[in-house]
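Listed below, chain by chain, are the residues.
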Amino acid sequence: ITVGGVVYRCTVDTGAPGPICLGASAASRLKSCSLASQSLSQVGVNGENVCSDMLYSHVEFCGYGFDKALVFANGNDLEQVDGYVGLAFLRAFDMLLAPNAISFQRNGLKMLDIEDFRDASNARPCPNSKLKCRASAV
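Presented here is a report on the structure given in the accompanying data block. (Residues numbered from 1 in each chain as written. Predicted model: local features only at pLDDT ≥ 70, side-chain atom pairs only at ≥ 80, totals over all residues. Heavy atoms only, no water.)

Before going further, it helps to examine the pattern of salt bridges. The full count for this structure, using the stated rule, is 3 salt bridges. Measuring nitrogen to oxygen at the nearest pair gives 3.2 Å for the salt bridge that ties Asp-116 to Lys-110. For Asp-116, a relative accessible area of 41% puts it in the partly exposed group. You can call Lys-110 partly exposed: its relative accessible area is 48%. (Salt bridge = Lys/Arg side-chain N within 4 Å of Asp/Glu carboxyl O. Buried < 20%, exposed > 50% of the residue type's maximum accessible area, 1.4 Å probe, protein only.)

In structure tokens form, the structure reads like this:
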């Protein structure tokens, strides 16, 4: 997956409710993004509390391009991958899982957007955020 002009290695995580989520180190490499000046707290699989800045960026995924996709920039790093792609993004695709391959095709559903997370979000960025995105009106 390419986010903001940078290629990332991400896990397809059908158990994650969010969109594309990048770990802190991966998010710091973003070349192009618009910070939504909003954040939310996620609870990780090990019970850790992770603050995630919400931003928009150009995304290329499996031959499809999206000018303004929602991305969460996590305040913590992830192990072994740069990030994960959750159902808020994946819901727009039909997936074919085979023993040695995975395929994606657009299905007509919309990806979830910042409005879909409004009730769970804060109207400010994460404390100690080091993102270099420009601020945008959402």
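Attention now moves to the state of the cysteines. One pass over the structure, following the stated rule, counts 1 disulfide. Across the disulfide from Cys-51 sits Cys-126; the S-S distance is 2.1 Å. Taking the torsion about the sulfur-sulfur bond, which here is approximately -95°, the covalent link between Cys-51 and Cys-126 counts as left-handed. Within this pair, whereas Cys-51 is found in strand E6 (residues 49-61), its partner Cys-126 is found in the loop between strand E11 (121-122) and strand E12 (134-135), the two being separated by 75 residues in sequence. Owing to a relative accessible area of 22%, Cys-51 belongs among the partly exposed residues under this scheme. Overall, the relative accessible area of 9% leaves Cys-126 in the buried class. A disulfide-free cysteine, Cys-21 has its sulfur positioned 9.1 Å from the sulfur of Cys-10, the nearest such atom. A residue is classified by how much of its surface remains accessible, and Cys-21, at 0% relative accessible area, is buried. Cys-10 provides the cysteine sulfur closest to Cys-62, a residue in no disulfide bond, and the two sulfurs are 11 Å apart. (Disulfide = S-S within 2.5 Å. Helix = DSSP H or I, 4+ residues; strand = E, 2+ residues; numbered from the N terminus.)

Volume-wise, the largest pocket comes out at about 530 Å³. What lines the largest pocket is a set of 17 residues, and nearest its centre among them are Gly-44, Val-45, Glu-48, Leu-78 and Tyr-84. Broken down by secondary-structure element, the contributors of at least two residues to the lining of the largest pocket are strand E5 (34-43) and strand E8 (83-85). By volume, the second largest pocket amounts to about 220 Å³. (1 Å grid on protein atoms, 1.4 Å probe; cavity = no way out; pocket = protein on both sides within 12 Å on 5 of 7 lines; lining within 4 Å. Points joined across faces, edges and corners; volume = space filled by probe spheres on them.)

Residues Val-12, Leu-87, Met-95, Leu-97 and Ile-102 make up a contiguous nonpolar surface patch of about 410 Å² in total accessible area. Looking at the secondary structure, you find Ile-102 in strand E10 (residues 101-106). (Patch = residues over 30% accessible without salt bridge, like charges linked within 9 Å, V, L, I, M, F, W, Y side chains within 5 Å. Areas by Shrake-Rupley, 256 points an atom, 1.4 Å probe, with all protein chains shown as cover.)

By themselves, these are just geometric observations and shouldn't be taken as functional.
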